[in-house]
Amino acid sequence: MDEYTFSFPIWVEFGTGASGKVGEIAETQGWDRAVIVTDPGIVEAGLTDGIVDALETAGIAYDLSDGVRPNPTVSMVEETAETIEASGADFVVAVGGGSVMDVGKTASMLVTNGGTVADYEVVTDEDVVAEPVENHPVPLVTVPTTAGTGSEVDFWAVITDTEREFKMALGQPPLYPGGPYLGASVSLVDPALTESLPPRQTAATGFDALSHALENYVSAVSPPLVTPMALHVMELIAEYLPEAYHDGTMEAREHVMFAAHLAGMGENLAGFGAIHSLAEVTGAMYPDIPHGEAIAIFTPAVMEFNRTAIPERYRDVAAALGEDVEGLSVEEAARRAVEAVEDLMDELDLPSRLRDVGVAEEDLRTIAEKSMATSEIGDNPREADADDLLEIARNSY
Ligand SMILES: [Fe+2]
């Protein structure tokens, strides 16, 4: 795949070796002290080594903050923000998956804007933020080590409030050109960092990217410019994720990483829906379930619920996923989209039932009710109430 550099307002470098540019980029910006935000598994896998080398070569001092865990919490953000403040760093490098990057984004924003994490929760579509992000965050460089979340370039973060057992969506897109936002300043997307990602995580995170494009494409609030991006993401994932999962070839991994990255950009322009509502609520209640696996489990039942409301869109999804829809009725073609996703999940050995990942049947009603309080549910293409979501959760059990 071609390497490229562009700015949208995040400065993006895509390509093998991109993560090694962190030192020279810091030099061009005049930054001279960093905090590396990560998790212990990333350090152990050697994925921070290239970053450390690049910083040392550029003569940049750094501290390591490696307290992030999956499904990150408010206290992890607060600890990271304290480390950034105490170190006197003038930039932050978040190296890891969505959890690490979301903590890096939120902590960098909190240091310059103050308040609590919950102050920035997106409550509804109309009420974009409770507290606007008024100051630029501490400059942040995101370096993804999975190909899935798109967090490296989106203007959102998902942080769990453990008291409420609820995942807060935090965020603010740029309010005006050059204005402050919750997000990275630079994103170094380096497919080589996904080379050692185990098959199970490759499948789950890649499927998450597919779900972003799918929800963006069918969402009631997505502008038309999302259409070609989302369809291309779905085509790439259907074509290359099985190979990335089974064989781990770099060619397949590059395409999946590009797809996930493109989907991340789409997330800034488009809405989500019931898949993310249900999966995020489940992830907050059961933090051991990886986000991408929770997403996979709910996807077929949500698609089944939505497809009759917008069958033409689902026909397009089926075609993007490689189904031959020539000559089929719209309804039949839409049904093929659900089947194609189920086939892909089988191929990737993803879990398809809540019971298989340890969810208690008596929690289904709570999951449905809490999902109604998420900001994403209002973007679902078919209006859903708590009873509808309970039915979906039962169908996913
Ligand atoms: Fe997601």
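Residues numbered from 1 in each chain as written. Predicted model: local features only at pLDDT ≥ 70, side-chain atom pairs only at ≥ 80, totals over all residues. Heavy atoms only, no water.

**Remarks on the coordination of the iron ion**
Phase 1: Distances from the iron ion to its protein donors, namely Asp208 (OD), His212 (NE2), His276 (NE2) and His291 (NE2), fall within the range 2.1 to 2.2 Å.
Phase 2: Coordination geometry of the iron ion: the 4 donor atoms subtend angles of 85 to 167 degrees at the metal centre, consistent with an arrangement described as irregular.
Phase 3: Each donor residue of the iron ion belongs to the same chain, and together they define the spacing D-x3-H-x63-H-x14-H. Of this pair, His276 sits in helix α9 (residues 274-285) while His291 sits in helix α10 (residues 291-306), and the two are 15 residues apart along the sequence. (Donors = N, O, S within 2.8 Å, 3.2 Å for Na, K, Ca; no water. Tetrahedral: all angles 85-135°; square planar, octahedral: opposite > 155°, others 65-115°. Helix = DSSP H or I, 4+ residues; strand = E, 2+ residues; numbered from the N terminus.)

**A word on the sheet that holds strand β2 (residues 11-14)**
Phase 1: On the basis of which strands lie adjacent, the open sheet formed by 7 strands has the order β1-β2-β9-β6-β5-β3-β4 and mixed pairing. Every other strand in the sheet has two partners, leaving β1 (4-7) and β4 (61-65) as the edge strands with one partner each. Geometrically, the sheet is characterised by an average inter-axis angle of 15 degrees between neighbouring strands, direction not taken into account.
Phase 2: As judged from the 2 bridges shared by strand β6 (residues 140-144) and strand β9 (residues 186-189), these two strands associate in the parallel manner. By the bridge assignment, Val141 is partnered in β9 with Val186.
Phase 3: Sheet strands in contact with helix α1 (residues 22-29) are β2, β5 (91-96), β6 and β9, and its direction is about 160 degrees off that of β2.
Phase 4: Across the sheet, helix α8 (residues 250-267) touches β1, β2, β6 and β9, and the angle it forms with β2 is around 165 degrees. (Pairing = 2+ DSSP bridges. Axes fitted to C-alpha atoms, helices over the stretch in contact; angles between N-to-C directions. Contact = heavy atoms within 4.5 Å.)

**A short note on the pattern of salt bridges**
Phase 1: Scanning the model with the defined rule gives 13 salt bridges in all.
Phase 2: Arg336 is the salt-bridge partner of Glu339, the closest N and O atoms lying 3.9 Å from each other. Here Glu339 pairs with Arg336, and both are found in helix α12 (residues 330-347), just 3 residues apart, close to one helical turn.
Phase 3: Judged by its relative accessible area of 34%, Glu339 falls in the partly exposed class.
Phase 4: A salt bridge links Arg365 to Glu369; its shortest N-O distance comes to 3.7 Å. Placement of the pair is Arg365 and Glu369 together in helix α13 (residues 364-371), with a separation of 4 residues, close to one helical turn.
Phase 5: Owing to a relative accessible area of 45%, Glu369 belongs among the partly exposed residues under this scheme.
Phase 6: A single network of salt bridges, built from pairs that share partners, joins Glu332, Arg335, Arg336 and Glu339. (Salt bridge = Lys/Arg side-chain N within 4 Å of Asp/Glu carboxyl O. Buried < 20%, exposed > 50% of the residue type's maximum accessible area, 1.4 Å probe, protein only.)

**Some points on the packing of aromatic side chains**
Phase 1: Counted under the stated rule, the structure contains 8 aromatic pairs.
Phase 2: Aromatic pair Tyr4 and Phe14: ring centres 5.2 Å apart, planes at 5 degrees, arrangement stacked. With Tyr4 in strand β1 and Phe14 in strand β2, this pair connects stretches of sequence that are 10 residues apart.
Phase 3: Judged by its relative accessible area of 3%, Phe14 is buried.
Phase 4: Consider the rings of Phe6 and Phe8, whose centres lie 5.8 Å apart with planes at 25 degrees: the pair is stacked.
Phase 5: Taking relative accessible area as the criterion, Phe6 reaches 30% and is therefore assigned partly exposed.
Phase 6: Each member of the aromatic cluster is reached from another via a ring pair, and the members are Tyr4, Phe6, Phe8, Phe14, Phe155, Tyr181 and Phe258.
Phase 7: The ring of Tyr217 carries the charged tip of Arg313 above its face, separated from the ring centre by 4.1 Å. (Phe/Tyr/Trp six-rings, centres within 6.5 Å; stacked < 30°, edge-to-face > 60°. Lys NZ or Arg CZ within 6 Å of the ring centre and 35° of its normal.)

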